[in-house]
Amino acid sequence: MISEEYLYAIALRECSQIGDINFHKLVRAFGSAQEAWKSAKKEYKKLEGMGPKTVSDIGNKDYLKFAEEELKFCEKNNIIVRLRYLNEIPQLLNECADAPAVLYQKGHLDDSLQKVSIVGTRNMTVYGKKFIEDFFETSHSYHYISVSGLALGIDKEVHEQSIRNGKPTIAVLAHGFQFLYPAKNRNLSEKILQEGGALLTEFSSSRKPDRENFIQRNRIVAGISPATIVVETGFGGGSVSTAAFANDYNRDVFALPGKITDPYSQGCNQLIFHNKATAISTIKDLLSTLGFNKDQGKIEELFPHSETRIQLTENQNIIYQFIKENPRISLDDLAHTISIPSHKILPIILELELFGKVKSFSGRQFIAI
């Protein structure tokens, strides 16, 4: 029965040596979580890369008892349990090799709507807040779901602006549903549910918000959407890990550039410099690249073009003209053709992106705007 599958799936995932990838191997080999639970300990030799230590916890009745209590908690609190191997988790997330085997959901999630993940620092500045306000105001007529992590700062602003503009929003948690971290966002989490959004977590109900959970959480934020926008982050900030996951999943990553002296723009500038994110020059271009339908009304630019024509330097003009004549040219091909080392080309391309003349894509490819 399907109900038994949820029981055995939760018990199996709770085993100390069974992560999401090993879980997937087991159900693929044995056909179901129930069969894996019953047979894996005796027949582990048929599984590549698994030894007796990996399967040692499988079959432990304590985990079955844990799973029973977990299902009771979920039923009592209107929590939906979704299993990856039954294709119940969001489609894009399901494509990720390390997607969660078990996903817990409160609220409503319309997987047919496009999702956009928007992340950033807890130390939001006026600059980051203004960008988020402008983004949601400009995209008001489009149908999509925003995704963020329910942290203070950028995440909180994303969820609040979503609600204010009538957009459903998904908050991905780094803990189980017995907790709400940070506690200041409890009212916001309830508002998300009331307004047709959802709370998601891969962690069982009693799991606390331990530090390592946040990085693990970030892969869901990155994997569930075709694009991730990094608004503000410092060097090594948590949002940099979200961008790294998105790059690994071959998703689009965008970053809001800022002054090199601004500490919470330095992470974004670094992502752009290392070609790990496309620089955002205008909201109009961003929405177009995200694949939103063109709006009939006027779309304001984030950085309006000056009436004065931008005067490019000689090297800027050479690179710009060559990209213009060779759309989607790669960095290596560009460096080879114009005989300028790639490490000297990248800063010039960043300048052209900030001027709104060039747009970069994953795989270090560029087009002229």
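Coordinates for the structure precede this section.
The next point concerns the overall build of the protein. The number of helices and strands found in the protein is 15 helices and 12 strands. Taking 2.2 N^0.38 as the reference for a compact globule, 369 residues should give roughly 21 Å; the C-alpha atoms of the protein span a radius of gyration of 23 Å, in line with that estimate. Considered along the principal axes of its C-alpha atoms, the protein spans approximately 75 × 45 × 35 Å. Within the span of the protein, comprising 369 residues, buried residues form 52% of the whole. Look at the contacts in the protein between residues 6 or more apart in sequence, and 69% of them connect residues 24 or more apart.

Turning to the environment of G234, a few remarks are in order. On the secondary structure map, G234 appears in the loop between β7 (227–230) and α10 (238–248). The sequence separation of G234 and D262 amounts to 28 residues, and the corresponding C-alpha distance is 8.8 Å. Aside from chain neighbours lying at most four places away, what touches G234 is V240, P263, Y264 and G267.

On to the packing of helix α6 (residues 126–138) against helix α12 (residues 283–290). Direction vectors running N to C along α6 and α12 enclose 60 degrees, while the axes themselves pass 11 Å from each other. Relative to α12, the element α6 is oriented oblique. The two elements α6 and α12 cross, and the hand of that crossing is right-handed. Mapping the contact onto sequence places F131, D134, F135 and T138 in α6 and I283, L286, L287 and L290 in α12. Looking at the contact of α6 with α12 residue by residue, the classes come out as six nonpolar, one polar and one charged.

Of the consecutive residues Y181 and P182, the connecting peptide bond is found in the cis state with omega at -5 degrees. Structurally, P182 can be placed in the loop between β5 (169–172) and α8 (186–194). Located in the positive-phi region is N87, a residue other than glycine, with phi close to 60 degrees. With respect to the helices and strands, the residue N87 is situated in the loop between β1 (80–83) and α5 (91–94).

A few words on the packing of α6 against helix α7 (residues 154–164). At their nearest, the axes of α6 and α7 sit 10 Å apart, and the two run at 25 degrees to each other. The angle between the axes of α6 and α7 places the two elements in the roughly parallel class. Between α6 and α7 lies a crossing of right-handed hand. Of the residues in α7, those touching α6 at K129, I132, E133 and F136 are I154, E157, V158, Q161 and S162. Here the residues of the contact of α6 with α7 are counted per class, giving four nonpolar, two polar and three charged.

Another point: the nonpolar core. One broad rule of soluble globular proteins: the nonpolar side chains tend to lie buried together. Residues L12, F23, L26, W37, I58, V81 and Y104 are the most contacted members of the largest nonpolar core, which totals 43 residues. Contributions of two or more residues to this core are made by α1 (2–14), α2 (20–30), α3 (33–43), α4 (61–76), β1, β2 (102–107) and α8. Ranked by residues supplied to this core, first place goes to α1 with seven residues. Look past the residues within four positions of W37 in its chain and what remains in contact with it is Y8, A11, L12, C15, I58, G59, N60, Y63 and L64.

Moving on, we get to the pattern of salt bridges. Per the counting criterion, the structure on display carries 12 salt bridges. Residue E69 pairs with K72 through a salt bridge whose shortest N-O separation is 3.7 Å. In this pair, E69 and K72 both sit in helix α4, three residues apart, roughly one turn of the helix. Taking the relative accessible area as the measure of exposure, E69 reaches 44% and is therefore partly exposed. Its salt-bridge partner being R251, residue E95 comes within 3.7 Å of it at the nearest N-O pair. With E95 in the loop between α5 and β2 and R251 in the loop between α10 and β8 (252–255), the pair connects residues that are 156 residues apart, well separated along the chain. Classification of E95 by relative accessible area gives exposed; the value is 52%. By relative accessible area, which is 8% here, R251 ends up buried. Overlapping salt bridges, with partners in common, bring together R13, D20, D98, E202 and R219 in one network.

Rules behind the numbers
Residues numbered from 1 in each chain as written. Predicted model: local features only at pLDDT ≥ 70, side-chain atom pairs only at ≥ 80, totals over all residues. Heavy atoms only, no water. Helix = DSSP H or I, 4+ residues; strand = E, 2+ residues; numbered from the N terminus. Rg over C-alpha atoms; globule rule 2.2 N^0.38 Å. Buried < 20%, exposed > 50% of the residue type's maximum accessible area, 1.4 Å probe, protein only. Contact = heavy atoms within 4.5 Å. Axes fitted to C-alpha atoms, helices over the stretch in contact; angles between N-to-C directions. Parallel < 35°, antiparallel > 145°, perpendicular 65-115°, else oblique. Left-handed = near helix turned anticlockwise from the far one by under 90°. Nonpolar A, V, L, I, M, F, W, Y, C, P; charged D, E, K, R; others polar. Core = buried A, V, L, I, M, F, W, Y, C linked by side-chain atoms within 4.5 Å. Salt bridge = Lys/Arg side-chain N within 4 Å of Asp/Glu carboxyl O.

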